[in-house]
Amino acid sequence: MAELSMCSSSTREQVSPEEERLAIRDFVISAEAHTKEGDAFYLITQRWWQQWLDYVNQDQANNMNDISSLSEHCDSVSSSDVKRPSVIDNSDLIYDTTSEDSTIGIELHDTLVEGRDYILLPQEVWNQLYAWYGGGPTLPRKVINSGLSQTGLSVEVYPLRLQLVVVPKGAHSTIRISKKETIGELHRRACEIFDLNMEQVCIWDYYGHRKHALMNDMDKTLDDANIQTDQDVLVEVLSNGSSSAFGGCMSSVQENGSADKETMSVLVEPSKSSLSIAGGLSASKGVSRSCSSELSQSQNFTSPVRELDNTYGVSGVSTRGVTGGLTGLLNLGNTCFMNSAIQCLVHTPEFARYFREDYHKEINWQNPLGMVGELALAFGDLLRKLWAPGRTPVAPRPFKTKLARFAPQFSGYNQHDSQELLAFLLDGLHEDLNRVKHKPYIKSRDADGRPDEEVADEYWANHIARNDSIIVDVCQGQYKSTLVCPVCNKISVTFDPFMYLSLPLQSTTTRTMTVTVFTCDGSALPSACTVTVPKQGRCRDLIQALSGASSLKHNEKLLLAEIRNHLIGRFLEDPLILLSSIKDDDHLAAYKIPKLSKNTIFLQLIHRREEQEIGNAQKSFGWKPYGTPLVSPISCDDVITRGDIQSIVHTMLSPMLRTERRGNTDISETSISVAASDPSCEIAASEAFTDSIESDLKDKDGNCLKTVTLSKLPLQLVDENNACIDLSVGEEKAIKLSSSSMSILVFVDWSCKFLEKYDTHYLENLPEVFKYGPVTKKARTEPLSLYTCLEAFLREEPLVPEDMWYCPQCKEQRQASKKLDLWRLPEVLVIHLKRFSYSRSMKHKLETFVNFPIHDLDLTNYVAHNNSSRSQIYELYALTNHYGGMGSGHYTAHIKLLDENRWYNFDDSHISAINEEDVKSAAAYVLFYRRVKNDDASVSNGAQSCAGHENNLPQK
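Residues numbered from 1 in each chain as written. Predicted model: local features only at pLDDT ≥ 70, side-chain atom pairs only at ≥ 80, totals over all residues. Heavy atoms only, no water.

Student: Describe the sheet that holds strand β37 (residues 817-824), naming the residues involved and giving the relevant values.
Tutor: The antiparallel open sheet is built from four strands, whose spatial order is β16-β15-β37-β34. Each of the sheet's edge strands pairs with one partner strand only, and the pair in question is β16 (491-498) and β34 (797-798). In this sheet, β16 lies alongside strand β15 (residues 477-484) in antiparallel orientation, the contact comprising eight bridges. If you follow Ser481 over to β16, its bridge partner there is Thr494. Against the sheet, helix α13 (residues 452-466) engages β15, β16 and β37, with an angle of about 45 degrees to β16. (Pairing = 2+ DSSP bridges. Helix = DSSP H or I, 4+ residues; strand = E, 2+ residues; numbered from the N terminus. Contact = heavy atoms within 4.5 Å. Axes fitted to C-alpha atoms, helices over the stretch in contact; angles between N-to-C directions.)

Structure below.
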C-alpha cells in the first residue's frame, strides 16, 4: 500500500504557481553560485519536471525553451487548463524490483539520459519540491571533482558497480562505490560486507577474471587505479600463516587465469552527468545558460603523462586485453556529436592503417586551404590513442581545441550536427594531407557530344591533379549531373566529385500508435489496436481512429488511460491533449464504457499477485501490482453495496474464465447463460471459494433476468483514508463513494488457486505505443527502404527558384531540370540520412525508420557507368545514431569490429556489445559502408599489424 498512500498535496499549505516558480528560481541561482565537490544533487523524472514547468509557467509562456515547444504550449494549455502536478513519482527511473543484494539498494535503469529521462536538482530545490508534493523515491547523487580546477564538477549519476569475489570461500557480492573513493575505502567496505579483518585480505584488480594488479596503495582512487564498472574485484583471504598482509599475494602475480572470450567483460565507463541544474542551468563557471540536455558537461582532466603511459603501454602500466579499438571517448560537455563521428572514422580500416604508419611525410604544410597540418596531427594522435592497448577512455581535449581553432562554429559546449562535423573533418583532413603541393589551374570543358566515359575520366583526372589524398583515395566518388534548359533544351553534363551522399527521407506527417482496448461489460477479451494518426494531432484524433478500429457502438465511448507500473498514471480525458506528449515507450489502454450521465465515477480494478521467496513456496513478502488495470463506470446516484462490486468485477473478468479444466475435477464449475441474445456474456459459478453471494443480473434495458449465485472474489476496496476494506464479507453493506475523487480503487489478489480459474495472460505484457526494433516487427509493415531514399535522390526534378541555372545558350537564368546519376563509387561510401529540416523559426527532425541493409547493399543498378568492372556490393561497418529532438538529443555510434565480427555500441565512454539485429533503428543517421572484396576475410578495422600495407591503398 506504500505506493498508494503518499500524502496528498491538499494537506499542505497551498502556494501559488508563481510563488513556487520564484522560490525554485532563487534556490537554483544560489546553488549555481555555491556548488562544490561533495554536494548532493537529486534525480527527478523529466516527465514530472515538465508537468511542474507547465504548471508554474502557465502565465509565463514566453519563458519556454524554444520556438517549437512554445507554439505547442500555447496551443494546448491556457491559464485555467494546467493542473497542479500530483506527487513526485520517480518509479520510471528505477527497476521495479530491488536487488537481492542489500548492498546495492535502489538501482537506476542503465540507459537513462539527462534531459530526456531525468533532471538533476540541487538539494535545496529537491527539499522544497518534496515538501510541497511528497512522493519519491529519493535518488541522491554526489558532485565529484573531475578536473584540475573548480570548473570540472560533475554529478556521478552511475557510481562504479563492482562484483566482489572472495577466494577461497567463493562468496560474492555487488556494491556501488564512487570512482573517487580510495582503494582503502574499498578494502573497508569489502571487509565489512564479508566480516573479514583488513589484515587478513588483499584485493586484486580482477578485470576479465585475470589478476592485473595488486591494489595495495590505500590512498589511490579507484579512478586512478583504472577500475571499471561491472568488473570483478578479487578479495583474497590469506591463511593465518602469512607473515604479511601482502606477502602471500605478491607471489601470485603471474597466476593469471585465462579469460574466456565469450564471457570477458566489455569495458564500460560509469557515466557522469553534466552538472546541469534544473534542466537548464550550468554549475560550471563562465559558461552561459542553455536548455539542451548535455549542458556544459565537465569531464575528467587527465594528466598528459598518464595519458601517454596508458596509451603506449609504458612499463608498469597494466594494459588489459590484446584487442584494440574498444576505447571510449569522454564527453567534454555536449561532445557526443564529435565522439560518435570520430569513432566511425577511427574504425575505418584504411584510416586506421594510414594514421598508424608514418603519415607525416604526406602532410601539406603550405596548403592555404588546410590547417597547416595541425588537424591531421591531432586526429592521428587521437586515433593512435584509441587503438593503443588498454581500454581507459580518452579525453579528446587536444583534438577539440584544434577543431575549435579552425572551425569556430564547433567551439564552446553547444550541441551540433555530427554530419556537419564529419563533412568538415573529411574536407579538412584532405587539405592537410593533400599530396598536391601546387595546384594547377585547369579549365573544364563541356561534353559537347563526347562519350560520357571520356568526359568522366577527364573530369576525374582534372580533380586528381588538384586533389590527391588518403581521403580522396578512400571516400570520394563521382556522380554525373545533367541539366536541361526548359526553353531551348540545351543539355549540360558535368561530372562532379562527392564525399558522401545526403539522401532525403519521405517527410511523414503521421504516426503509428498501438493501444490495447478493454471492455467493462465482459463482452470481449482485450485486443491491441494499431492505428495511424496525425503526428501533431490530439487525443481526439486517436480516439476517433480507435473507435473505428475497435468497432465502437453508438452507445459507447472510449476512455483513454496511461498505464505506468501496472497502475493508471492518468486518464487522458481532455480531447485537446497533444499526441506529441505521449512517448513511443508509453503504455496506453482504452476502455469501452457506456455513454452515461455525468454523475459517475470509475472503478479501477488493480491486479495483484503474491511475491514469493525464492526456494520457499510457503513464505511470501506480500502482494504487488501486476498486469493492466480494468475500469468500469459506477453511478453515484445509486446505492452501491459490496455485493454490487463483486458482481461488477465478475462481469469484467468473465471473458478470461478458462473453458477447459484439466486435472482439476475436484473444482466444479457451472456456466449460466445471462442473455440468449448475447451468448458471449456468461457468468461462472465455482466452488473455488466457499462463500457466495446472490446478484440480480439485468439486461440492456434494465429488466431483471435471473438471480444467480456467484463465487466471492478476494477483493479489497481502498477507502478515503487509504485503508483496505475486505469486500468478501458483508455484501449488503453500502460503499461510501467519495465526492471529490473520480475513481475508487479495488484490489483483486490472484492466488495460485484463483489463477486456475482465469487466464490472466491477456492482462500482461501491455504493448508500447510504438516499438522500435528489427524490421520484422508487425507495427512497421512497409518500412522506408534505403534504396527508395537513393532513388529519390537520383530522381529528376526542377531546380528551386533560389538556385537558378545560367543557360549558356539562352544567356539567361533558367529553372532547369536536374538529374543526378552515380558514376564512380568510393571504397568507403558514407550515406547521410537527412533527418533534420530547418526553416526561419523552426527546426524539425524526422523520426522515420529507414530499412538499410547491413550486408549486400547492391548499387550495381544505380551506377550509370555500365563499363565499370568493379564490385558495387557494400557492407555496413559503422553508423552514427541520433536520439531525441533538435538541440537536446544524444549521439552514439554502432561499430563492427572486423577482427571479432562483432558489433559494439559506442556511447561516449560507455562501450557494450550488441547483437546485429539491434543495429537497425529509427535513430540511424550517418551510415558507413565498405566495398566488399574477395580478400575481406583478412580485413581489420586496424588492430592487426600495419606492416606491409604501404602499397595497398585503393587506387582510383
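Moving on, there is more to tell.
Student: Break down the pattern of salt bridges for me, citing the residues and quoting the values.
Tutor: In total, this model carries 31 salt bridges according to the counting rule given. With a closest N to O distance of 3.9 Å, Arg47 and Asp92 form a salt bridge. Of this pair, Arg47 sits in helix α2 (residues 46-56) while Asp92 sits in the loop between β2 (88-89) and β3 (118-122); the two residues are 45 residues apart in sequence, bridging distant segments of the chain. Assessed through its relative accessible area of 27%, Asp92 is described here as partly exposed. Its salt-bridge partner being Glu812, residue Arg814 comes within 3.7 Å of it at the nearest N-O pair. One network of salt bridges, with partners in common, ties together Arg47, Asp92, Glu562, Arg570 and Asp586. (Salt bridge = Lys/Arg side-chain N within 4 Å of Asp/Glu carboxyl O. Buried < 20%, exposed > 50% of the residue type's maximum accessible area, 1.4 Å probe, protein only.)

Student: Break down helix α12 (residues 418-432) for me, with residues and values.
Tutor: Here α12 spans 21 Å end to end across 15 residues, near enough to the 21 Å set by a 1.5 Å rise per residue. Across the 15 residues that make up α12, a large majority, 12, are buried. Regarding α12, the residues found buried are Ser418, Gln419, Leu421, Leu422, Phe424, Leu425, Leu426, Gly428, Leu429, His430, Glu431 and Asp432. At the N-terminal end of α12, a side-chain oxygen is found 2.9 Å from the backbone nitrogen of Gln419, two or three residues along, and the residue is Asp417. (Expected span 1.5 Å × (residues − 1). Polar contact = N/O pair within 3.5 Å; in protein donor to acceptor, adjacent residues only side chain to side chain.)

Student: Please set out the packing of helix α8 (residues 336-346) against helix α10 (residues 374-387) residue by residue, giving values where relevant.
Tutor: In contact at an axis separation of 11 Å, α8 and α10 are set at 75 degrees when each is read in the N-to-C sense. As judged from the angle between their axes, α8 and α10 are roughly perpendicular. Residue-level inspection shows Ile342, Gln343, Leu345 and Val346 of α8 in contact with α10, the latter providing Phe379, Leu382, Leu383, Leu386 and Trp387. A per-class count over the contact of α8 with α10 returns eight nonpolar, one polar and no charged. (Parallel < 35°, antiparallel > 145°, perpendicular 65-115°, else oblique. Nonpolar A, V, L, I, M, F, W, Y, C, P; charged D, E, K, R; others polar.)

Student: Give me the lowdown on the sheet that holds strand β8 (residues 172-177), citing residues and values where you can.
Tutor: On the basis of which strands lie adjacent, the open sheet formed by five strands has the order β8-β7-β11-β9-β10 and mixed pairing. Each edge of the sheet is formed by a strand with only one pairing partner; in this case those strands are β8 and β10 (213-214). Examined bridge by bridge, strand β7 (residues 160-167) and strand β11 (residues 232-237) share five bridges and lie parallel to one another. Of the residues in β11, the one forming a bridge with Val167 is Glu236. Running at roughly 140 degrees to β8, helix α5 (residues 183-194) makes contact with β7, β8, β9 (201-205) and β11 of the sheet.

Student: Account for the packing of aromatic side chains, naming residues and giving values.
Tutor: Each pair of aromatic rings is reported with the distance of its centres and the angle of its planes. This structure, assessed with the given rule, holds 23 aromatic pairs. Pairing Phe355 with Phe379 gives two aromatic rings, centres 5.0 Å apart and planes at 75 degrees, and the pair type is edge-to-face. Within this pair, whereas Phe355 is found in helix α9 (residues 349-356), its partner Phe379 is found in helix α10, the two being separated by 24 residues in sequence. Residues Phe571 and Phe602 carry aromatic rings whose centres are separated by 5.6 Å and whose planes lie at 40 degrees to one another, so their mutual orientation is tilted. Taken as a pair, Phe571 in strand β21 (residues 567-571) and Phe602 in strand β23 (residues 600-612) lie far apart in primary sequence, 31 residues in all. On the accessibility criterion, Phe602 (8% relative accessible area) is buried. Taken together, the ring pairs connect Tyr354, Phe355, Tyr359, Phe379 and Phe399 into an aromatic cluster. For the cation-ring pair, Arg608 lies above Phe747, with the distance from its terminal atom to the ring centre recorded as 4.1 Å. (Phe/Tyr/Trp six-rings, centres within 6.5 Å; stacked < 30°, edge-to-face > 60°. Lys NZ or Arg CZ within 6 Å of the ring centre and 35° of its normal.)

Student: Lay out the confidence of the model for the protein in plain terms, naming residues and giving numbers.
Tutor: Predicted coordinates in areas of low pLDDT are best not read in detail. Considering every residue of the protein, the mean pLDDT works out to 75; 73% of them sit at 70 or more. Considering each helix and strand of the protein separately, the mean pLDDT is smallest for helix α7 (residues 304-312), with a value of 30, and largest for strand β47 (residues 924-931), with 96. Scored below 50 in pLDDT, residues 1-12 shows 23 contacts in the model against residues more than four places distant or in partner chains. In this model residues 943-956 is a low-confidence stretch, pLDDT under 50, and it forms 29 contacts with partners more than four residues away in sequence or in other chains. (pLDDT = per-residue confidence, 0-100.)

Student: An account of the environment of Lys933 is requested, with residue identities and associated values reported.
Tutor: Its location among the elements puts Lys933 in the segment after β47. Assessed through its relative accessible area of 31%, Lys933 is described here as partly exposed. The spacing of Lys933 and Ser871 is 62 residues in sequence and 7.5 Å in space, taken between C-alpha atoms. Not counting chain neighbours up to four residues away, the residues in contact with Lys933 comprise Glu350 and Glu827.

Student: How would you summarise the pairing of β8 if you had to cite specific residues and measurements?
Tutor: In terms of burial, β8 is a largely internal element, five of the six residues being buried. Taking the residues between adjacent antiparallel strands as the criterion, β7 and β8 are bridged by four residues, where Gly170 takes a positive phi near 85 degrees.

Student: Explain α8 residue by residue, including any values.
Tutor: Burial of α8 is extensive: 11 of the 11 residues sit out of reach of the surface. Among the residues making up α8, those that are buried are Cys336, Phe337, Met338, Asn339, Ser340, Ala341, Ile342, Gln343, Cys344, Leu345 and Val346.

Student: Would you mind going over the environment of Gln544 in detail, with residue names and values included?
Tutor: Positionally, Gln544 belongs in helix α15 (residues 539-549). By relative accessible area, Gln544 is classed as exposed at 59%. Along the sequence, Gln544 and Val531 sit 13 residues apart, while their C-alpha atoms lie 9.9 Å from each other.

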